[in-house]
Amino acid sequence: MIAELGHLALILALVLSLVQATVPLVGANRNRLALMAVGRPAAQGQLLFIVFAYVCLTWTFITSDFSVALAASNSHTATPLIYKITGVWGNHEGSLVLWAMSLSLWTVAVTIFSRNLPEPFMARVLGVLGWISAGFLSFTLVTSNPFHRLIPAVAEGRDLNPLLQDPGMIIHPPLLYMGYVGFAVAFAFAIAALLTGRMDAAWARWSRPWTTIAWVFLTAGIAVGSGWAYYELGWGGWWFWDPVENASFMPWLLGTALMHSLAVTEKRGAFRSWTILLAISTFSMSLLGTFLVRSGVITSVHAFATDPTRGLYILALLVLVIGVSLVLFAWRAPKLSGGGTFSLASRESSLLANNVLLAVATGAVMLGTLYPLFLDALNLGKISVGPPYFEATFVPLMTPVVILMMVGPFVRWKNDDINRIMRRLSVSLIVSIALGLGAAVLIGHVTWRTVLGLSLAAWVLIASIKLLMGRMADRQGASAGARMRGIPASWWGMWLAHLGIGIFIIGVTMVESIDQHVDMKMRPGQTAQLAGYTFTFRSVEGVQGPNFDAARATIDVARGERHMTTLTPEKRLYHAQQMPMTEVSIHVRPLRDVYVSLGDRLEDGSWLVSLYYKPFISWIWVGCILMGLGGIFAAADRRYRKLAERRVAAGALQQTT
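Quick caveat, the model's predicted, so the values are computed rather than measured.

To continue, consider the nonpolar core. Proteins that are soluble and globular tend to have nonpolar side chains buried together. F121, I132, F189, W203 and I276 are the most contacted members of the largest nonpolar core, which totals 123 residues. Here the element with the most residues in this core is helix α8 (residues 168-196); it accounts for 17 residues. Setting aside chain neighbours within four positions, we find I132 in contact with W99, L103, A184, F187 and F283. Listed in part, the 32 residues of the second largest apolar core include A440, W492, W495 and I503.

With that out of the way, let us pick up the sheet that holds strand β10 (residues 607-615). Two strands in a sheet stick together by hydrogen bonds in their backbones, pointing the same way (parallel) or opposite ways (antiparallel). Strand order in the open sheet formed by four strands is β1-β10-β9-β8, with antiparallel pairing between adjacent strands. Each edge of the sheet is formed by a strand with only one pairing partner; in this case those strands are β1 (516-522) and β8 (585-589). For this sheet, the mean inter-axis angle between neighbouring strands, taken without regard to orientation, is 15 degrees. Examined bridge by bridge, strand β9 (residues 592-601) and β10 share eight bridges and lie antiparallel to one another. Bridge pairing links V596 to L611 in β10. Contacts from helix α9 (residues 201-232) reach β8, β9 and β10, with the element oriented near 50 degrees to β9.

A few words on the side chain of D416. Along the polypeptide, D416 turns up in the loop between α14 (387-407) and α15 (418-443). Taking relative accessible area as the criterion, D416 reaches 8% and is therefore assigned buried. A polar contact is formed between the side chain of D416 and the side chain of R420, at a distance of 2.5 Å. Setting aside chain neighbours within four positions, we find D416 in contact with S343, A345, F410, V411 and I421.

Inspection of the entire model under this criterion finds 28 aromatic pairs. Between the aromatic rings of Y533 and Y613, the centroid separation amounts to 6.1 Å while the plane-to-plane angle is 35 degrees, which identifies the pairing as tilted. Placement of the pair is Y533 in strand β3 (residues 533-544) and Y613 in strand β10, with a sequence separation of 80 residues. Relative accessible area serves as the criterion here: at 5%, Y533 is assigned to the buried category. Ring centres 5.2 Å apart and planes at 45 degrees place the aromatic pair F548 and Y574 in the tilted group. Of this pair, F548 sits in strand β4 (residues 548-559) while Y574 is found in strand β6 (residues 570-574), placing the two residues 26 residues apart along the sequence. Per residue, the accessibility class of F548 equals that of Y574, and both read buried. Here the aromatic residues W215, W239, W241, F249, W252, Y389, F390 and F394 are joined through ring pairs into a cluster of three or more. Against the face of W331 rests R332, its NZ or CZ located 4.0 Å from the ring centre.

So, on to the pattern of salt bridges. Within this structure, the stated rule accounts for 16 salt bridges. For the salt bridge of R40 with E119, the shortest nitrogen-to-oxygen distance reads 2.9 Å. Residue R40 is located in helix α3 (residues 39-62), and its partner E119 is located in helix α7 (residues 119-143); the two are separated by 79 residues in the primary sequence. Between R572 and E570 there is a salt bridge, and its shortest N-O distance comes to 2.8 Å. Each member of the pair, R572 together with E570, is buried. One salt-bridge network, held together by shared partners, links R552, E570, R572 and E583.

Let us look at the environment of L326. Among the secondary structure elements, L326 is positioned in helix α12 (residues 308-332). Owing to a relative accessible area of 40%, L326 belongs among the partly exposed residues under this scheme. As for L326 and I191, which are separated by 135 residues in sequence, their C-alpha atoms are 9.9 Å apart.

Split into domains, the chain comes out as domain 1 (1-165), domain 2 (167-336 + 347-409), domain 3 (417-514 + 627-657) and domain 4 (516-616). In this assembly, 23 residues from domain 2 lie in contact with 28 residues from domain 3. When domain 2 packs against domain 3, close to 2,100 Å² is buried across both sides, 76% of that on carbon and sulfur atoms. The largest per-residue losses of area from domain 2 upon contact with domain 3 belong to W238, M405 and M406, which jointly make up 28% of the total buried on that side. The tally of links between domain 2 and domain 3 comes to zero salt bridges. There are two residue pairs in polar contact (both at pLDDT 80 or more) connecting domain 2 and domain 3. Contributing elements (two or more residues each) for the side of domain 2 that touches domain 3: α9, α10 (243-268) and α14. Of all the elements, α9 adds the most residues to the side of domain 2 that touches domain 3, at nine residues.

Glancing now at a nonpolar patch on the surface. Taken together, the side chains of M1, I2, L5, L8, I11, L12, V15, F52 and W59 define a hydrophobic patch exposed on the protein surface, amounting to about 810 Å² of accessible area. Per-element tally for the nonpolar patch: the top contributor is helix α1 (residues 2-30), with six residues. With respect to the helices and strands, the residue M1 is situated in the segment before α1. Since its relative accessible area comes to 67%, M1 is described here as exposed.

Cut-off values and rules
- Residues numbered from 1 in each chain as written.
- Predicted model: local features only at pLDDT ≥ 70, side-chain atom pairs only at ≥ 80, totals over all residues.
- Heavy atoms only, no water.
- Core = buried A, V, L, I, M, F, W, Y, C linked by side-chain atoms within 4.5 Å.
- Buried < 20%, exposed > 50% of the residue type's maximum accessible area, 1.4 Å probe, protein only.
- Helix = DSSP H or I, 4+ residues; strand = E, 2+ residues; numbered from the N terminus.
- Contact = heavy atoms within 4.5 Å.
- Pairing = 2+ DSSP bridges.
- Axes fitted to C-alpha atoms, helices over the stretch in contact; angles between N-to-C directions.
- Polar contact = N/O pair within 3.5 Å; in protein donor to acceptor, adjacent residues only side chain to side chain.
- Phe/Tyr/Trp six-rings, centres within 6.5 Å; stacked < 30°, edge-to-face > 60°.
- Lys NZ or Arg CZ within 6 Å of the ring centre and 35° of its normal.
- Salt bridge = Lys/Arg side-chain N within 4 Å of Asp/Glu carboxyl O.
- Domains from an automatic or database assignment.
- Buried area = accessible area lost by both parts, 1.4 Å probe.
- Patch = residues over 30% accessible without salt bridge, like charges linked within 9 Å, V, L, I, M, F, W, Y side chains within 5 Å.
- Areas by Shrake-Rupley, 256 points an atom, 1.4 Å probe, with all protein chains shown as cover.

Shown next as structure tokens:
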């Protein structure tokens, strides 16, 4: 009965999504306020039905109702409760319900926090979001019913994929989906602007906080996923240029460009065509990522191997979204010209150059991701495009991005003097190169990649300090605390995000330059040396988990005569799927990680052990945290709240007169 109620709730949600998709748009075209107002309750009712369906699906997992095919395939009576709950989205069908629920949450958030928008514009935004929701709900119901019954029911489930039975998978998918789906709001604002013909600074101001929040979610999702891969897969890597990783990275790159383009449109009225195209392209990349994960055309630890006909449905939706959007864009193109002139030496030019480079970088990643798939589809052979291609194309494109990223804040809007810019920044650039070269010599790894990475990081950090000092020099006479509080949150957001990129570059450069790794056979009592650390293999004992058996090693780590820590890596065997898993053990410190992975037991009684020394790797995630905090600060800028308060107050005044 629970499954049938959940299925019915999804059908009712689809009906409400169609109401939301049509009635407000009709009302906006006919200027009928009563029809336009239907969008809000339709969106809110849709959320209630989807949440109810999601709770019903979760209940089948918790109660081990193996008459529901999805629970039978992804749960087990011995699965820990938390992984029964998260197992709901560890598969194709359940993750689609999470996708739909995320979109519905975003839509309801728009109805609550964007009440200041003009009613016709709001109606069009909700209408576009309604069509997207209808597309995915119909996809779920027609091709991917999560409540499909097994007759007869099986006695026991197959358990959740052991790779997904990890704390990182509790938060990674929801964060990633909120980022993916959040760009649907930016897309809806862009399409509503095209429909109304209003593509001015006000439209950019309305869209900007929603875009920034979606970018924050996607940044957090990618960072958590990278951390999960680092400690769960047992390879000691943090990014593999996997097709599904690239599928989330492409909308992140375009979303970064979109945020900066919206800033120019809001402040200067420029880049309107570019901003619209970026909004369309960013959401299209989100749909492309959804297609790659669910089409069955790629092999990845992140992908859902499904029926290719399901991929065709999403591909058709992607083509429809892009096609309709570009037709609308072509229709409104004459109104998108103009927006203010600017010289080559201006902040607008630096932002435009960065946006173009980010778009080209996205194209390079997309080419490396899709080219092997096209060759395979055309029976022209199978090839693998790996890190060498991506590093050879991505690094040269992102180097000028990082340089211009820190030049832009020092340049005036509209027009500036190149000589003045050079006087302000040339010394900082020279010092950055010197510091990068000196640091490379100090760590004993002088290669062009190391020098380049450390120089770019030094450039970002020096320029960030210089920016902060210049900003603090304003309001002379006030205390330092007062001056810091007087700086707008959006400026702090920009500063923190850019600083985070500098920290991120340090982490990437150091770990790629001087990490160390050794694989060896070890017996109890044996020792090994790596990066000045002594690893002593003490023992191996058997342990039993709720749904697995494991061999747990005890390895002491010392530096000189000083005992540092005891690591306990495991080799697990999950009962239901008879799938072996490696659980690494890591000693984390601010400047390095010591990482141990336990392999198989050999015939002679020894064990395969992988030892890793990872310098500065935690700085990668510290940088991501700073980037995310920067986005939060930018979205929380008080000018957005003041604008909403003014709109609400004006509406209340109009109603009383």
